[in-house]
Structures are given as C-alpha cells and as structure tokens.
Amino acid sequence: MPLDDLVLGLQRFVDRLIRRVRRGRAPIPGRRRLLVVQIDGLSRGVLEQALAEGRMPFLRRVIERAGWRVHPMFVGLPSSTPAFQMAAMYGVRPDIPGFHYHDKRAREDIYFPRGGDAARVERAQAAGRRGILEGGASYGCVFTGGAVENFFTFAIMKRPTGSGLLAALSAPIVLAWVALKSTLITLVELLRAVLRLIADPVAEWRRGWKWLAIKVGLSVWVRELFTLATARDLYAGSPAVYVNYLDYDVVSHAYGPRHPRALRALRRVDDAIKQLWRICRRLPEYGYDLYVLSDHGQAHTTPFAELAGGRAFERVIFDEFFPSQGVEEIGPQHPRGRHRLASGIKAFRMGRAPAFFQRFFNYLEDGFPWVLGELKEAREREGVRVICAGPNAFVYFLDETAPLPIDRIEARSPGLAEALSRAPGVGYVFARSAGGPVCFFRGKRSSLASEPGPFADRPDAALVVSAIHDLMAMPSAGDLVIYGIDAPPGHVSYIAEAGAHAGPSPEELHTFVVAPPTARVPEPLNHPTQLYPYFASYLEGPERRPAA
Ligand SMILES: [Zn+2]
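Think of each chain on its own: its residues are numbered from 1, step by step along the sequence as written. Residues qualify for local features only when their pLDDT is at least 70, as the model is predicted, and side-chain atom pairs are given and counted only at 80 or more; totals for whole chains, interfaces and linings, by contrast, use all residues. Hydrogens and water are ignored here; the side-chain numbers use all heavy atoms of the structure.

**What to know about the overall build of the protein chain**
Along the protein chain, the regular secondary structure elements total 19 helices and 20 strands. Whether two residues are in contact is decided by their heavy atoms, any of which lying within 4.5 Å being enough. When contacts within the protein chain are restricted to residue pairs at least 6 apart in sequence, those whose partners lie at least 24 apart make up 74%. Counting from the N terminus, the helices are DSSP H or I runs at least four residues long and the strands are E runs at least two residues long.

**Quick look at the pairing of strand β12 (residues 384-388)**
In terms of residue burial, β12 counts as a mostly covered element, since five of its five residues are buried. Of the two faces of β12, both are covered, the one formed by V384, V386 and C388 as well as the one formed by R385 and I387. Here β12 runs beside strand β13 (residues 392-397); their pairing, made up of five bridges, is antiparallel. In the strand pairing of β13, R385 is matched with Y396. Think of it in three bands: residues with accessible area under 20% of the maximum for their type are buried, residues over 50% are exposed, and the middle band is partly exposed, with areas taken using a 1.4 Å probe on protein chains only. Each pair of strands is called paired provided DSSP finds at least two bridges between the two strands.

**Regarding helix α3 (residues 57-65)**
Buried within α3 we find F58, L59 and V62. Looking straight down α3, one finds its buried side chains confined to an arc of 100 degrees; they lie on one side. Away from the buried face of α3 by more than 90 degrees, exposed residues E64 and R65 are located. Packing partners of the buried residues in α3 comprise α2 (44-52), α10 (260-282), β7 (288-293) and β20 (510-515). What the arc measures is the spread of directions leading from the helix axis to the C-beta atoms.

**Some details on the coordination of the zinc ion**
Geometry sets the ideal angles at a metal, namely 109.5 degrees for four tetrahedral donors and 90 or 180 degrees for six octahedral donors. The coordination sphere of the zinc ion contains the protein donors D249 (OD), D249 (OD), H253 (NE2) and H501 (NE2), at a distance range of 2.1 to 2.8 Å. Here the term donor refers to an N, O or S atom within 2.8 Å of the metal (or 3.2 Å for Na, K and Ca), and because water is left out of the atoms, sites may appear incomplete. The sequence pattern describing where the donors of the zinc ion fall on their chain is D-x3-H-x247-H. Of the two residues, D249 and H253 are both situated in helix α9 (residues 247-255); the distance of four residues between them amounts to about one turn of the helix. D249 sits in the buried class, given a relative accessible area of 7%.

**Section: the packing of aromatic side chains**
Ring pairs (aromatic) are described by centroid distance and by the angle formed between their planes. Pairs were defined over the aromatic rings of Phe, Tyr and Trp, the Trp ring being its six-membered one, requiring ring centres within 6.5 Å. Orientation was assigned from the angle between planes: stacked under 30 degrees, edge-to-face over 60, tilted for the rest. Here the structure, examined in full by the defined rule, presents 22 aromatic pairs. When the ring of F322 is compared with that of F397, the centres are 6.2 Å apart and the planes differ by 65 degrees; the resulting orientation is edge-to-face. One end of the pair, F322, is in the loop between α12 (313-321) and β10 (329-330); the other, F397, is in strand β13, with 75 residues separating them in the sequence. Exposure class is identical for F322 and F397. Each is buried. An aromatic cluster of at least three residues, connected via ring pairs, comprises F99, Y101, Y111, F112 and F143.

**Digging into a positive patch on the surface**
To count toward a patch, a residue needs a relative accessible area above 30% and no salt bridge. Like charges then connect within 9 Å, nonpolar side chains (Val, Leu, Ile, Met, Phe, Trp, Tyr) within 5 Å. Here, Shrake-Rupley sampling with a 1.4 Å probe gives the accessible areas, and only protein chains in the shown set may cover a residue. In the sections that follow, a salt bridge refers to a side-chain nitrogen of Lys or Arg positioned within 4 Å of a carboxyl oxygen of Asp or Glu. For the charge count, each Lys or Arg is scored as positive and each Asp or Glu as negative, with His and the chain ends excluded. Charged side chains are reduced to one point each, which is NZ for Lys, CZ for Arg, CG for Asp and CD for Glu. Judged by side-chain charge, R61, R65, R267 and K274 come together as a positively charged surface patch. Mapped onto the positive patch, the elements with two or more residues apiece are α3 and α10. Take K274: it is sitting in helix α10. A residue is classified by how much of its surface remains accessible, and K274, at 31% relative accessible area, is partly exposed.

**Notes on the sheet that holds strand β6 (residues 240-245)**
Pairing is mixed across the open sheet formed by six strands, whose spatial order is β2-β20-β7-β1-β6-β5. Of all the strands in the sheet, the pair left with one neighbour each is β2 (69-74) and β5 (137-139). The mean inter-strand angle of the sheet, taken between neighbouring strand axes irrespective of direction, is 15 degrees. Both strand β1 (residues 33-39) and β7 contribute to a ladder of six bridges, which runs parallel. Residue pairing for β7: R33 is matched across the bridge by Y288. Helix axes are fitted to C-alpha atoms over the stretch in contact, other axes to C-alpha atoms as well, and angles between N-to-C directions run from 0 to 180 degrees.

**Some thoughts on the packing of α2 against α3**
At a minimum axis distance of 9 Å, the contact between α2 and α3 shows a crossing angle of 90 degrees. As judged from the angle between their axes, α2 and α3 are roughly perpendicular. Here α2 contributes L47, L51 and A52 to the contact with α3, which in turn contributes L59, R60 and I63. Under this grouping Gly is polar, as are all residues other than the nonpolar Ala, Val, Leu, Ile, Met, Phe, Trp, Tyr, Cys and Pro and the charged Asp, Glu, Lys and Arg. When grouped by side-chain class, the residues that make up the contact of α2 with α3 number five nonpolar, no polar and one charged. If an angle is under 35 degrees, it is roughly parallel; if it is over 145, roughly antiparallel; if it lies from 65 to 115, roughly perpendicular; otherwise it is oblique.

**Remarks on the pattern of salt bridges**
One pass over the full model with this rule turns up 27 salt bridges. Between E134 and R130 there is a salt bridge, with the nearest N and O atoms lying 2.9 Å from each other. Using a relative accessible area of 35% as the deciding quantity, one classes R130 as partly exposed. Where E314 meets R379, a salt bridge forms, and the shortest distance between an N and an O atom there is 2.6 Å. Of this pair, E314 sits in helix α12 while R379 sits in strand β11 (residues 377-381); the two residues are 65 residues apart in sequence, bridging distant segments of the chain. The network of salt bridges with common partners includes R311, R315, D319, E320 and R381.

**Overview of the confidence of the model for the protein chain**
As a per-residue measure, pLDDT tells how confident the predictor is, with possible values from 0 to 100. Averaged over all residues, the pLDDT of the protein chain is 81; the fraction at 70 or higher stands at 74%. Note that residues 150-165 has pLDDT below 50 and, in this model, 36 contacts with residues that lie over four places away or in other chains. Across residues 327-376, where pLDDT falls below 50, the model places 87 contacts with residues more than four positions away in sequence or in other chains.

**Focus on the environment of E540**
Turning to its location among the elements, E540 is positioned in the segment after α19 (531-536). Classification of E540 as partly exposed rests on a relative accessible area of 28%. C-alpha separation for the pair E540 and R31, spaced 509 residues apart in sequence, amounts to 8.4 Å. With near-sequence residues (within four places) excluded, E540 lies in contact with R31 and R130.

**Concerning the nonpolar core**
What makes a nonpolar core is a set of buried Ala, Val, Leu, Ile, Met, Phe, Trp, Tyr and Cys residues whose side-chain atoms join them at distances within 4.5 Å. Within the largest apolar cluster, 68 residues are counted, with the highest numbers of intra-cluster contacts made by F112, Y291 and F430. Looking at this core element by element, the count peaks at seven residues for helix α17 (residues 461-472). Among residues more than four places away in sequence, those in contact with F430 are V438, C439, L448, F455, I468, M472, D479, L480, V481 and Y483.

**Considerations on the side chain of D117**
One can find D117 in helix α5 (residues 117-126). Relative accessible area serves as the criterion here: at 3%, D117 is assigned to the buried category. A distance of 2.9 Å separates a polar atom in the side chain of D117 from the backbone nitrogen of Y111. For the purposes of these results, a polar contact is taken to be a pair of N or O atoms within 3.5 Å, where, inside protein, one atom must be able to donate a hydrogen and its partner to accept one; residues adjacent in sequence count only when each atom of the pair is a side-chain atom.

This is how it looks when you write it as structure tokens:
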C-alpha cells in the first residue's frame, strides 16, 4: 500500500527528528531485535494448504525464494493461547488448563476475557521472571510478556523533554491514518453487506449484522491498528514486538478451520506480514529478525447442542450423572463487557495503558458467545462445578481443594468416568492416579504411564502422552477433564462453534515457526517453553544473539 508507506514515511521523519533532538537513541551496533507475528489458531496443516493454494503469496515467496524455513512445532496441552504465551514468553510450564477454568484453592473461576484475570495469572505464574518482551510492545496478546509499550510508543521515553511534543505528534499521524483507512474499508464492507441483503435477504439476515460488526471491528480496525502500531514501534527501534493477528482464529471458530472465509482471512494477514517485513528491511541498522508462528491449530467441530437436541453439555452432565436432590444452581456468569471497555478507556486516558489492547481484545472476545447465541458455560450443583471451555469440559469436586485422584472419585461415584467416556459427544476422559494420568475412552480405562492407550496408532503418540501428563499435573485442571475430540460422531465442542481448540487432535497440536534461513530455531520444537531461552537471548547483548 503506497499510501501506508507515505504515512509511515512522514511518521518516520518525525521519529528521526525526535531521535536527533534527544540524541543517544541510536541503535546499538550488532544488536538484533525481535519481531514475532502470531497467526492465532493456524495449524501447520492449514498453513500448508494455504501456501499450496496461493492464499498466502508473500509467505510462500519468502519460503520458496528467500530460503525461509517452516519449523514444525508441537504446542502441548491445552492447545490454547494463554498456555502457549505463558510458556513462550516466560519459559514456565503453566497452570493454565484452558481458556476458562476453576481454581479450587482460591474458589474462583478464571476466564481470560474477563478484565483482570489475565493480569492476575501473569503476575502469579511468571513469578518475577524476565519476559521476552521486556521494554518492548505486545498487541492482541493475552499476556504482556514484560512489554511496557502499547500503541503509544512514547510511553517508554525516559527523559521527557521538548521532544515529547514531537513524539506526541507522531502517534496521532498513525492513528488518523488508521481511522481514515479503516473507515473506507468499513464503508466498502457495509456496501457489500447491503448488496448481499438485496440479493438474498433471508440468508443474509440469518448470518446477522452482529457478525458483520465483529468482522469489521476485528479484521479491519484491529488488524490495521496492530500493523501500523507495530510499524511505528519498528521505526522507533523497540527491542521486541509481539503482534497477534486474531482474524483467522475468530473466523475459524465461527465457520471451521478450512472454510473459505477463514482461509480468506489469511490473505489479509499475509498482507500485514509483508508490510512489516518490508519495514524491517528498510531498517537494517536495527537488525530485526521476523518470526511468524502459531500458538495452536483448530479442529473442525460439531456443537454439542446440535447432537443433544439443543441441551447444553453441563445440563446433560447434571441431569444424567449428578441428579439433583435439591435445587442449588449458580451461573452461567454474565460478562460485564461494557463496564470493562469503559475502564479500558479510562486507563488509556490516564496514560497507563499497557493492557489497553488486551482489554479491547477481551471486550471483542466477550462478544463471541453472544454472537454465536450462547452464554459461557459454568454451572454448579451440590458441590460439583462443571465448566465447558470449548472441546474441553472440567468437572470439579469442590469440597476438597487438592485435585481428586481417580480412586477417590470412584469411591464417591462408582463408574462415573467410564460412563462419561461412553456418553454421546464425549471422546476422552482424563483423571489422575498415583501412577500418572489415566484415560477413559469408549468405556475402556488405560493407564497412560505404561501405554499410549487410545493414541497408540498416532505417529506423535509419545508427545501426546507427555502433553496429557503436563495437563493433568496442573492443579487447576478439573478432577475429570473431558474432551469432545474424537467423539463417536467426530470432534465435538461443548460451546457453539464450528472450529475449536484446547484438545489433543493433530490439527490442534501441530503448528509451526516460519523463520529466516539464518535463524537457529531449536529443533525439534516439542514445547513452547523451548522458545523462551531462544527469544530471551534477544534481550542480551550482541554476543548472545541467536541468529547468525
Ligand atoms: Zn481461539
């Protein structure tokens, strides 16, 4: 986009001027800088399809002509953004069993889109470790990774002087451009929607204007904002930037991972990558290394309610496995989205806004279950709490704060795990035992300590079993962890979505890191914690940098 270049050129000029006025902001020779572009939710399988079909022409070109390599990555369990980012940004094996779960010790639910939950988890689990984005910026991420910066790069200026004004001018140039460009694209999308409505009113009405609003909001405004904000950070020489493009994941949840609409979203992300790559090339003095990676894939799923005549999974669990003696029910918990947006804007105005984008992203995410006609599932009855988080559901026995091993569960409810694993719409049921995790599949129990059980036929069986070990070692994972993956009718999600993740299917677990030929990405990449020392070495001086 030549106009983008013009705006960025103007911005760069202002930035240069700032650098000159302030002095001493020149790049350190030999130091490399880190730029991570995450394509949320893209499995290696779908990446390969998109490359082969020419849907990501830029990425294909750097792979075919510039020698960039696709490094396979196994992301572990749960195959979900918060677990991945905690591992990659801080190098810890986290206690994050899903996107939504319960902490029995604190007696509270953790639901990442809810304001404050991500920050609390990050503080507790990063435990003072150095994040890979220290002094840098993050966009659209669950955690900050130690980033101090968000859209307004001048937040990191250490000595506020007269140049602060110049810096303050630079950001509005970008903001104004994003607003103008996004407004134009929005108008085009609205025009298209109107034309579709005229052509096929019934179908278009069913598809809904809410979806259009989310689509325009997320894939136009947010993507543009992220790309230009990142571009701005690159021109300013930010030490590390991590930008997470959410478009594909969102469309894939709604329509399925290989739906043409989901694949079309990849084209727009490919354009953004191209734009950032060109800026990196223009700034050789800063030595940016660009990595394109994905945090997890998605499995094509059938919503459970479709199989169960509209009944929600937790409803079925309570009705059939924990019939009530009295009536005592809590939940589902209602989101407080509007309030959160307001507080996000307030934080933004007060100039302490590192979490602003997270909040904005959270606000959008809150809309998904609403768009899909469903509220988040969390119900409790007589000391048992069930949380449906996607293709995974957790059953917690609340009267004990420690995880309950399978023999204790058996003593309370004989045959429960076995019966659950035979229930319609259920694939695996995992539990803990003194000898390691146990798995129930189609009513058959196997100890994963000694055999790969139902995973025996998979080439990645050993990795899957070790990922289940990790998952069941998390104190916050349910006493029973239920997956709709590999259920008899195919993959099933316990919320209303056509694409889902968190589970052990190959499409969810196998992703990639695309890196320049000089990068020495650790191999084999069997857990995102391996990325931590590699990315963290960018924080060190030139002699420690990983790239040749
Ligand atoms: Zn997702």
